Amino acid sequence: MKELNMNLELFEKSVKESEKPVLVEFWAPWCVYCRRIAPAYDKIAEQYEDKLVIGKINVDEVPEAAAKEKIEAIPALLLYKGGEVVGSIVAPDSKAKIEAFIEEHL
């Protein structure tokens, strides 16, 4: 499974209605660091597909979602449970850091 490219409607629906926790990466195509961490995020999406809904939001295409979540720096990963943010991490530098973040908040 690949992560979902989310629009505002899919983002809000996933966060509010998913029975699984939802991990969302806020990113942009011009962000060099976002492109560098993308392969690790893709692997996370495969590795955690049974435990999480994995999504991506392009902050240029869906600025309303970024504004709603007060995203100030990208890449930013937010983990939601029951519609609420339970954790966030900005600019993780490795797949191991993303895994540690997820495991800490699951």
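Residues numbered from 1 in each chain as written. Predicted model: local features only at pLDDT ≥ 70, side-chain atom pairs only at ≥ 80, totals over all residues. Heavy atoms only, no water.

Visitor: Explanation requested: the packing of aromatic side chains in the structure shown.
Guide: Note on aromatic pairs: each is described by the distance of the centres and the angle between the planes. Counting across every chain of the model gives two aromatic pairs. Here Phe-11 and Phe-26 contribute two aromatic rings whose centre-to-centre distance is 6.0 Å and whose plane-to-plane angle is 80°, an arrangement assigned as edge-to-face. Of this pair, Phe-11 sits in helix H1 (residues 8-17) while Phe-26 sits in strand S2 (residues 22-27), and the two are 15 residues apart along the sequence. Accessibility assignment for this pair places Phe-11 and Phe-26 in one class, buried. Within the aromatic cluster, the residues linked to one another by ring pairs are Phe-11, Phe-26 and Tyr-80. A cation sits over an aromatic face here: Lys-56 above Trp-27, 4.7 Å from the ring centre. (Phe/Tyr/Trp six-rings, centres within 6.5 Å; stacked < 30°, edge-to-face > 60°. Helix = DSSP H or I, 4+ residues; strand = E, 2+ residues; numbered from the N terminus. Buried < 20%, exposed > 50% of the residue type's maximum accessible area, 1.4 Å probe, protein only. Lys NZ or Arg CZ within 6 Å of the ring centre and 35° of its normal.)

Visitor: I would appreciate a short explanation of the pattern of salt bridges in the present structure.
Guide: When the charged atoms of two side chains lie near each other, side chains of opposite charge can form a pair. One pass over the full model with this rule turns up five salt bridges. The salt bridge involving Lys-95 is made with Glu-99; its shortest N-O contact spans 2.8 Å. Placement of both Lys-95 and Glu-99 in helix H4 (residues 95-105) is noted, with a separation of four residues, approximately one turn of the helix. Lys-95 sits in the partly exposed class, given a relative accessible area of 26%. (Salt bridge = Lys/Arg side-chain N within 4 Å of Asp/Glu carboxyl O.)

Visitor: Teacher, can you tell me more about the state of the cysteines here?
Guide: Working definition of a disulfide: a covalent bond connecting the sulfur atoms of two cysteines. Going through the model one piece at a time under the given rule, you end up with one disulfide. Between Cys-31 and Cys-34 runs a disulfide, and the two sulfur atoms are separated by 2.5 Å. The sign of the S-S torsion, about 80°, decides the handedness of the disulfide formed by Cys-31 and Cys-34: right-handed. (Disulfide = S-S within 2.5 Å.)

Visitor: Help me out: how do you make sense of the pairing of strand S3 (residues 53-58) in this one?
Guide: Note on strand geometry: in a regular strand, side chains alternate between the two faces of the sheet. The element S3 is largely enclosed, with a buried count of six among its six residues. Taken together, the two bridges between strand S1 (residues 4-5) and S3 define a ladder with parallel strand orientation. Note that in S3 the partner of Leu-4 across the bridge is Gly-55. Crossover S2 to S3 through helix H2 (residues 32-47) is right-handed. (Pairing = 2+ DSSP bridges. Right-handed = clockwise from strand over helix to strand, strands pointing away.)

Visitor: Would you take a moment to explain the nonpolar core for this structure?
Guide: The biggest cluster of nonpolar side chains holds 36 residues, and the ones touching the most others in it are Phe-11, Leu-23, Val-24, Phe-26, Ile-57, Tyr-80 and Ile-102. Counting residues per element, the ones that place at least two in this core are H1, S2, H2, S3, helix H3 (63-68), strand S4 (76-81) and H4. Sort the elements by how many residues they give to this core and H2 lands first, with seven residues. Once you skip the residues sitting within four places of it in the chain, Phe-11 turns out to touch Met-6, Val-24, Phe-26, Ile-57, Ala-65, Glu-69 and Tyr-80. (Core = buried A, V, L, I, M, F, W, Y, C linked by side-chain atoms within 4.5 Å. Contact = heavy atoms within 4.5 Å.)

Visitor: How do you make sense of the environment of Glu-25 when you look at a structure like this?
Guide: In this fold, Glu-25 is placed in strand S2. For Glu-25, a relative accessible area of 0% puts it in the buried group. For Glu-25 and Glu-12, which are 13 residues apart along the polypeptide, the C-alpha to C-alpha distance reads 14 Å. With residues up to four places along the chain from it excluded, the contact list for Glu-25 reads Cys-34, Ile-37, Tyr-41, Gly-55, Lys-56, Ile-57, Pro-75, Ala-76 and Leu-77.

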